[in-house]
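For reference, the chains in residue letters:
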Amino acid sequence: MKVLLDECVTKKMKSHLKDFEVFTIVEMGWCGVKNGKLLSLCVAHSFDIFLTIDKNMLFQQNFEKFPISVVILNSTTSKIEELLHFVPSFLKQVYQFEKNKAYIVEKST
């Protein structure tokens, strides 16, 4: 499964998603690209999941247009110490995510 980490998600997340093919926006050369164009690029480059903490995307995008799963970690910070609390929940759900939809992942309990 191919995952793209949004600019607002620290690259340190890569090492915690070892079962996936994970790329960052910087690695792809897409810094500063707006979300709509970014989702189109994700589709064009065969990404399965776009991982972000940007909750505004829920109101800014029509996900039905993009055959990709957008996963939003419900975090208030991009610090790895905080994001790690979401990894177990993400891993439990990842194979249930459907394309053309957005999902909010909560902290694991």
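Scroll up for the structure.
Residues numbered from 1 in each chain as written. Predicted model: local features only at pLDDT ≥ 70, side-chain atom pairs only at ≥ 80, totals over all residues. Heavy atoms only, no water.

Bringing the overall build of the protein chain into the picture now. Of the regular secondary structure elements, the protein chain holds 5 helices and 5 strands. In the protein chain, the succession of helices and strands from N to C terminus is β-β-α-α-β-α-β-α-α-β. Taken over C-alpha atoms, the radius of gyration comes to 13 Å for the protein chain, in line with the 13 Å a tight globule of 109 residues would show. Here the C-alpha coordinates of the protein chain stretch approximately 35 × 25 × 25 Å along the principal axes. By residue count, 43% of the 109 residues in the protein chain fall in the buried class. Across the protein chain, the fraction of contacts at a sequence separation of at least 24, relative to all contacts at a separation of at least 6, is 53%. As displayed, the protein chain offers around 6100 Å² of accessible surface, 50% of which is attributable to carbon and sulfur atoms. Computed over 14 positive and 12 negative side-chain charges, the inter-centroid distance for the protein chain is 3 Å. (Helix = DSSP H or I, 4+ residues; strand = E, 2+ residues; numbered from the N terminus. Rg over C-alpha atoms; globule rule 2.2 N^0.38 Å. Buried < 20%, exposed > 50% of the residue type's maximum accessible area, 1.4 Å probe, protein only. Contact = heavy atoms within 4.5 Å. Areas by Shrake-Rupley, 256 points an atom, 1.4 Å probe, with all protein chains shown as cover. Lys, Arg positive; Asp, Glu negative; His and termini not counted. Charge placed at Lys NZ, Arg CZ, Asp CG, Glu CD.)

Looking now at the nonpolar core. Residues L5, M13, L51, L73, F90 and F97 are the most contacted members of the largest nonpolar core, which totals 21 residues. Of all elements in the fold, only β1 (2-5), β3 (49-52), β4 (69-73), α4 (80-83), α5 (87-93) and β5 (101-105) reach the threshold of two or more residues within this core. Leave out the neighbours within four places in its chain, and M13 touches L5, L51, L73, I80, L83 and V87. Within the second largest apolar cluster, 15 residues are counted, among which are W30, L41, I68 and V70. (Core = buried A, V, L, I, M, F, W, Y, C linked by side-chain atoms within 4.5 Å.)

Here the focus is the environment of E81. The topology assignment puts E81 in helix α4. The exposure class assigned to E81 is exposed, which follows from its relative accessible area of 54%. Spatially, the C-alpha atom of E81 lies 9.9 Å from that of K12, the residues being 69 residues apart in sequence.

Even without being glycine, S46 reaches a positive phi, approximately 60°. Tracing the chain through its elements places S46 in the loop between α2 (35-44) and β3. Judged by its relative accessible area of 51%, S46 falls in the exposed class. With a phi close to 70°, N100 is a non-glycine residue in the positive phi region. The partly exposed category is assigned to N100, whose relative accessible area is 27%.

Here I80 is to be found in helix α4. With a relative accessible area of 12%, I80 lands in the buried category. Sequence spacing of I80 and M13 is 67 residues, and the spatial spacing of their C-alpha atoms is 6.8 Å. Leaving out residues up to four positions away in the same chain, I80 has contacts with T10, K12, M13 and H16.

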